[in-house]
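# Observations on the model geometry
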Amino acid sequence: MIRFQNIRKVYGTGDHIVKALDDVSLHVPVGEIFGVLGQSGAGKSTLIRCVNLLERPTSGSVIVNGQELTTLDAAGLRKARQQIGIIFQHFNLLRSRTVADNIAFPLEVIGQPKPQRDKRVKELLSLVGLSDKASAYPAQLSGGQKQRVGIARALACEPKVLLSDEATSALDPQTTRSILDLLRDLNRRLGLTVMLITHEMTVVKHICDRVAVLRDGRVIEQGLVDDLVVQPGSEIAHEFFPRIVPPQQKNGGIFATITFVGTAAEEPILSSLLRKFDVGVNILGGGIETVRDKRVGRLLLELSGPDAAAARSFLQERTGFTVES
Ligand SMILES: Nc1ncnc2c1ncn2[C@@H]1O[C@H](COP(=O)(O)OP(=O)(O)OP(=O)(O)O)[C@@H](O)[C@H]1O
């Protein structure tokens, strides 16, 4: 649905240039929620603004829904942008307009007649759970309600893609969760492709199917969250689970960091290990997280005794377990 090919964005000239994006290539498949995770200054805002060409890349191509955007003329780009909704960290609502009139705004811009507009606004208010707030003004709403208005407005022209520019960063954890749930719900019900930028791991953990990690304008890792979380050495896995450093002294044992996912997390794996092998198991650290609807865990074990190596091989062979030495 969205394809970035070798995108570069350079700000400034001469000695004063900043490479905000450096050879970024990524693909957001139809119907997925794709997160771009990065610290402040990594290039996230620049990247998301390149999707609808609010920011024009210095080089590279931006393809949305099969259309190369960088070669379109102004009219073509205006039309293409109707397929791309966007929501913002600070909501960007018009203070002097009611909730209903904020949502109607993009429909007015494209010249939709009032009766259709009113009907569509009603549908959108219901979609985001704000039917009782049609006549309220933004100042009378909570942050979460404001973002719901932002979402309804972004969806007014029935876009295929929704971009989210740190949409939950100004919200408390509980409201963040409800907005993320709404985005996931809209993604499923409408088949909406969502691309979001965030500096918060919780956002990735809660709703993203796929993630790209951006650092200093470069994508240093990308893939399905489910795959990355069990991949040895992955940045995402390290973000989910604090690094567990094995102690210097091995006490004659061998170390194994095991990551388990989904149903494997419910298996009583350590008791199976102790039953099957002549092995001592010392848990040196670890944690369990919920990633979307799945449980994922990571443990650093020290295995000792005559069957230590066989016990580690046993773990390695189990589906749902990844073992690092
Ligand atoms: N209009 C601009 N002119 C010059 N430099 C810019 C401009 N916009 C962004 N930059 C620079 O580009 C780099 C990436 O900025 P960008 O805002 O995309 O990062 P970010 O990851 O979104 O950061 P934040 O989370 O703090 O918004 C930074 O070094 C920034 O200073």
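These notes cover the structure that comes with them. Quick caveat: nothing in here was measured; it's all calculated off a predicted structure. Position labels on residues start from 1 in each chain and follow its written sequence. A pLDDT threshold of at least 70 governs which residues receive local features in this predicted model, and a stricter bar of 80 or more applies before side-chain atom pairs are shown or counted, although totals over entire chains, interfaces and linings include all residues.

## So, the site of the ligand
Each residue receives a C-beta atom built from its backbone; the residue is near a molecule or strand if that atom lies within 6 Å of it. For the ligand, the set of nearby residues contains 13 residues, the closest of which are Y11, A20, S40, S45 and T46. Secondary structure is summarised from DSSP: a helix means a run of H or I of at least four residues, a strand means a run of E of at least two, and numbering begins at the N terminus for each. Looking at the shell around the ligand, the elements that each hand over two or more residues are β2 (18-28) and α1 (44-51). Counting residues per element, the shell around the ligand draws most heavily on α1, at three residues. Partitioning the shell around the ligand into residue classes produces four nonpolar, eight polar and one charged. Each residue gets one of three labels, nonpolar for Ala, Val, Leu, Ile, Met, Phe, Trp, Tyr, Cys and Pro, charged for Asp, Glu, Lys and Arg, and polar for the others, Gly among them.

## With respect to the nonpolar core
Among the nonpolar cores identified, the biggest contains 84 residues, and V51, I103, A152, M195, V211 and V229 are the most heavily contacted of them. Segmentation of the chain into domains, including their bounds, is taken from an automatic or database domain assignment. Counting the residues that make up this core, at least three belong to each of domain 1 (2-228) and domain 2 (237-324). Residue pairs are scored as contacts if the distance between their C-beta atoms, which are placed from the backbone, is within 7 Å. Not counting the four nearest positions on each side in its chain, V51 is found in contact with I2, V62, V64, I84, L163 and M195. Connectivity within a nonpolar core runs through C-beta atoms within 7 Å, and the core itself is a set of buried Ala, Val, Leu, Ile, Met, Phe, Trp, Tyr and Cys residues. With C-beta atoms placed from the backbone, a residue counts as buried when 20 or more other C-beta atoms lie within 10 Å of its own, as exposed when 12 or fewer do, and as partly exposed for counts between those limits.

## A look at the sheet that holds β2
Sheets are built from strands that pair by backbone hydrogen bonding, the pairs being arranged parallel or antiparallel. If you walk across this open sheet you meet the four strands as β2-β1-β4-β5, and the pairing is antiparallel. The open sheet has two edge strands, β2 and β5 (67-68), and neither has a second partner. Where strand β1 (residues 2-11) meets β2, seven bridges bridge the pair, whose relative direction is antiparallel. Pairing of R3 across the sheet is with H27, part of β2. For two strands to be treated as a pair, DSSP must find no fewer than two bridges joining them.

## Comments concerning unusual backbone geometry
For N65, which is not a glycine, the phi torsion comes out positive at approximately 55 degrees. Take N65: it is sitting in the loop between β4 (59-64) and β5. Taking the number of C-beta atoms within 10 Å as the measure of exposure, N65 has 16 and is therefore partly exposed. Even without a glycine there, the phi angle at N92 is positive, about 55 degrees. Counting through the fold element by element, N92 comes out in the loop between β6 (84-88) and α3 (99-109). Overall, the presence of 13 C-beta atoms within 10 Å leaves N92 in the partly exposed class.

Keep in mind these numbers describe shape, not what the thing actually does.
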